[in-house]
Amino acid sequence: MAEEQDILRVHLDSQDPFDEDDRELGYLLEMDPDRGWDLWHLVDGKKDHLVLAEQKPIECFNRMLDLPVDIAIYELEESGAICEVAYQDWDSGGPGAGAGRVSVYRLGDRRVGFVYFISHDAGFSDGYDDLKKACEDGWIDR
């Protein structure tokens, strides 16, 4: 039973619309320190089929970006699955020109492995193994 407790499970929504049967679709990311990261497709909250198996964290994250997985930052922060580890607020200074925030998030933990990624108003970056590199690419001064 101790092995089960080592697996970190994160439920992710699907960007797929409901199908004609009105079944709820989603994903389950299982992060296992011994096995790697697995991504399951869920139908009505139950495992339907394995989408990605035994991936390294960065490989799994980068491949997830090509799938209709909704990475809902605020929901995942509340669950403790991710945390913001660096950010840079910006303001162009001109009227109507815009302002915003670029953030680097860490998904996972030391036990199961983790990946860093950049989030901004245009979406997400690919994953990074290194926080410093993610900050550099996101133009974040640390």
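Given the structure is predicted, the values throughout are model-derived calculations rather than measurements.

All right, on to the confidence of the model for the protein then. Summarising the model, the protein shows a mean pLDDT of 88, and 90% of its residues fall at 70 or more. Here helix H1 (residues 2–6) stands out as the element of the protein with the lowest mean pLDDT, 58, in contrast to helix H4 (residues 131–137), whose mean of 96 is the highest.

Moving on: the environment of Leu 131. Looking at the secondary structure, you find Leu 131 in helix H4. Taking the relative accessible area as the measure of exposure, Leu 131 reaches 18% and is therefore buried. A C-alpha to C-alpha distance of 20 Å links Leu 131 and Pro 33, two positions 98 residues apart in sequence.

Turning our eyes to something else, we now look at the packing of aromatic side chains. One pass over the full model with this rule turns up four aromatic pairs. Taken together, the ring pairs in this structure connect Phe 61, Tyr 105, Phe 117 and Phe 124 into an aromatic cluster. Over the ring of Trp 40 we find Lys 47, and its NZ or CZ is 4.6 Å from the ring centre.

Read from one edge to the other, the open sheet built from four strands follows the order S6-S7-S8-S9, with strand pairing classed as antiparallel. Each edge of the sheet is formed by a strand with only one pairing partner; in this case those strands are strand S6 (82–91) and strand S9 (123–124). As paired elements, strand S7 (residues 99–109) and strand S8 (residues 113–120) share seven bridges and run antiparallel to each other. Looking at S8, one finds that Leu 107 is bridged to Val 115. Most of the contacts of helix H2 (residues 57–64) go to S8, to which it runs at about 35°, and overall it touches S7 and S8.

Next up on the list: the side chain of Asp 32. For Asp 32, the location among the structural elements is in strand S2 (residues 25–32). In this structure, Asp 32 is buried with no salt-bridge partner, the nearest side chain bearing the opposite charge being Arg 35 at 5.2 Å. Within the local environment of Asp 32, its side chain forms a polar contact with the backbone nitrogen of Asp 34, the two atoms lying 2.8 Å apart. The residues contacting Asp 32, other than those within four sequence positions of it, are Ile 7 and Trp 37.

All right, on to the sheet that holds strand S3 (residues 36–43) then. Strand order in the open sheet formed by five strands is S4-S3-S2-S1-S5, with antiparallel pairing between adjacent strands. In this open sheet, the two strands that pair with only one neighbour each are strand S4 (46–55) and strand S5 (69–70). Sheet topology places S2 next to S3; eight bridges connect them, and they run antiparallel. Counterpart to Glu 30 in the pairing with S3 is Asp 38.

Thresholds, definitions, all that
Residues numbered from 1 in each chain as written. Predicted model: local features only at pLDDT ≥ 70, side-chain atom pairs only at ≥ 80, totals over all residues. Heavy atoms only, no water. pLDDT = per-residue confidence, 0-100. Helix = DSSP H or I, 4+ residues; strand = E, 2+ residues; numbered from the N terminus. Buried < 20%, exposed > 50% of the residue type's maximum accessible area, 1.4 Å probe, protein only. Phe/Tyr/Trp six-rings, centres within 6.5 Å; stacked < 30°, edge-to-face > 60°. Lys NZ or Arg CZ within 6 Å of the ring centre and 35° of its normal. Pairing = 2+ DSSP bridges. Contact = heavy atoms within 4.5 Å. Axes fitted to C-alpha atoms, helices over the stretch in contact; angles between N-to-C directions. Lys, Arg positive; Asp, Glu negative; His and termini not counted. Salt bridge = Lys/Arg side-chain N within 4 Å of Asp/Glu carboxyl O. Polar contact = N/O pair within 3.5 Å; in protein donor to acceptor, adjacent residues only side chain to side chain.

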